[in-house]
Amino acid sequence: MKTLHELAIKLQESIIKQQEDSHNSANLNVTKYNNLKIKMDTRYSYPHAIICIGISEAVFNIAEGTKTDGGLGPDEKYVRKWLGNSTVLSDLKEIWISLGELVKAEEQDKAIKQEGEADEVKRDAPKKKKKFKNLLDMTMPVDGIPVDGDEFEEDDSAYDVEPDEEDESSKNKVCTETVDEIKKDLKSYLKSIYHPGK
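Residues numbered from 1 in each chain as written. Predicted model: local features only at pLDDT ≥ 70, side-chain atom pairs only at ≥ 80, totals over all residues. Heavy atoms only, no water.

S.K.: Residue-level account of the overall build of the chain, with values.
M.R.: Regarding its fold elements, the chain presents five helices and four strands. Buried residues in the chain amount to 24% of all 198 residues. Of the contacts made within the chain by residues no fewer than 6 positions apart, 49% connect residues no fewer than 24 positions apart. (Helix = DSSP H or I, 4+ residues; strand = E, 2+ residues; numbered from the N terminus. Buried < 20%, exposed > 50% of the residue type's maximum accessible area, 1.4 Å probe, protein only. Contact = heavy atoms within 4.5 Å.)

S.K.: Lay out the pairing of strand β2 (residues 48-53) with the relevant residues and their values.
M.R.: Within a regular strand, side chains alternate between the sheet's two faces. Judged by how many residues are buried, β2 sits mostly within the fold: six of six residues are covered. By the alternation rule, side chains of β2 split into His48, Ile50 and Cys52 and Ala49, Ile51 and Ile53, which are all buried. The sheet contact formed by β2 and strand β3 (residues 56-61) spans six bridges and is antiparallel. Among the inter-strand pairings, Cys52 is bridged to a residue of β3, identified as Glu57. (Pairing = 2+ DSSP bridges.)

S.K.: Go over the sheet that holds β3 with me, naming the residues and quoting the values.
M.R.: Two modes of strand pairing occur in sheets, parallel and antiparallel, and in both the strands are linked by backbone hydrogen bonds. With antiparallel pairing, the four strands of this open sheet are ordered in space as β1-β2-β3-β4. Of all the strands in the sheet, just β1 (37-39) and β4 (66-71) have a single pairing partner and so form its edges. For this sheet, the mean angle separating the axes of adjacent strands, direction not counted, is 20°. As paired elements, β3 and β4 share five bridges and run antiparallel to each other. Considered in β4, the bridge of Val59 is made with Asp69. Against the sheet, helix α1 (residues 4-21) touches β1 and β2, its axis set at about 135° to β1. Across the sheet, helix α2 (residues 76-83) is in contact with β1, β2, β3 and β4; its angle to β3 comes to roughly 30°. (Axes fitted to C-alpha atoms, helices over the stretch in contact; angles between N-to-C directions.)

S.K.: How would you sum up helix α5 (residues 179-194)? Please name residues and give values.
M.R.: The terminal C-alpha atoms of α5 lie 23 Å apart, and with 16 residues this matches the ideal 22 Å at 1.5 Å per residue to within 8%. Within α5, the full set of buried residues consists of Lys183, Lys187, Leu190 and Tyr194. For α5, the angular spread of the buried residues around the axis is 70°, confining them to a single face. (Expected span 1.5 Å × (residues − 1). Arc of directions from axis to C-beta.)

S.K.: Could you give an account of α2, naming the residues involved and the relevant values?
M.R.: Taken together, the buried positions of α2 are Glu76, Tyr78, Val79, Trp82 and Leu83. Around the axis of α2, the buried residues are gathered within 160° of arc, so they sit on the same side. Facing away from the buried side of α2 by more than 90 degrees, the exposed set consists of Lys77 and Lys81.

S.K.: Tell me about the nonpolar core, and name the residues and values.
M.R.: A general feature of soluble globular proteins is that nonpolar side chains tend to end up buried together. Membership of the largest hydrophobic core comes to 27 residues, with the highest contact counts inside it found for Ile38, Ile51, Val79, Leu83 and Leu92. For this core, the secondary-structure elements that each account for two or more residues are α1, β2, β3, α2 and α3 (86-139). Sort the elements by how many residues they give to this core and α1 lands first, with six residues. Apart from the residues within four sequence positions on either side, Val79 is in contact with Leu11, Ile15, Ile51, Ile53, Phe60 and Leu72. (Core = buried A, V, L, I, M, F, W, Y, C linked by side-chain atoms within 4.5 Å.)

Encoded structure:
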């Protein structure tokens, strides 16, 4: 099977030959065709060939042999004559079919990858939700979020802790902070979160 690049070279040769055979061969500018390209694009759903010569571009429906978009100026007649060759059209159709198969394969790979990513997100979501809930529980005040202007109540009863019966291991531990200091630190921490700048 030929490639689009090989067909572009064939088209280039065909245009130059057609012009040499015509009466205006003296005006022939061969370098104009050095960057001649043939492309196919997934934007078009029908079998096509996009032919570019310099800054000109035209789209041809290779199933019907018609131009569907753009223009190539005076070179268009040479391109149309080249496209009229059944061998050229069958080569272009072969490339179009293989391009379509390639695109389908890529889309399937992409879909499989996205399914894999979705499964991964589903697996991680409960873990992240639990982690977030734990963080929220640690930082939320017991009475909810204070509204701007509200002050934290100075009622310390929410922070009172009933002492547990001491066991042997707790007697040996040394506590350097008092309960009042811990309450004070916690209040200032919460105020800095919910009332910054006060």
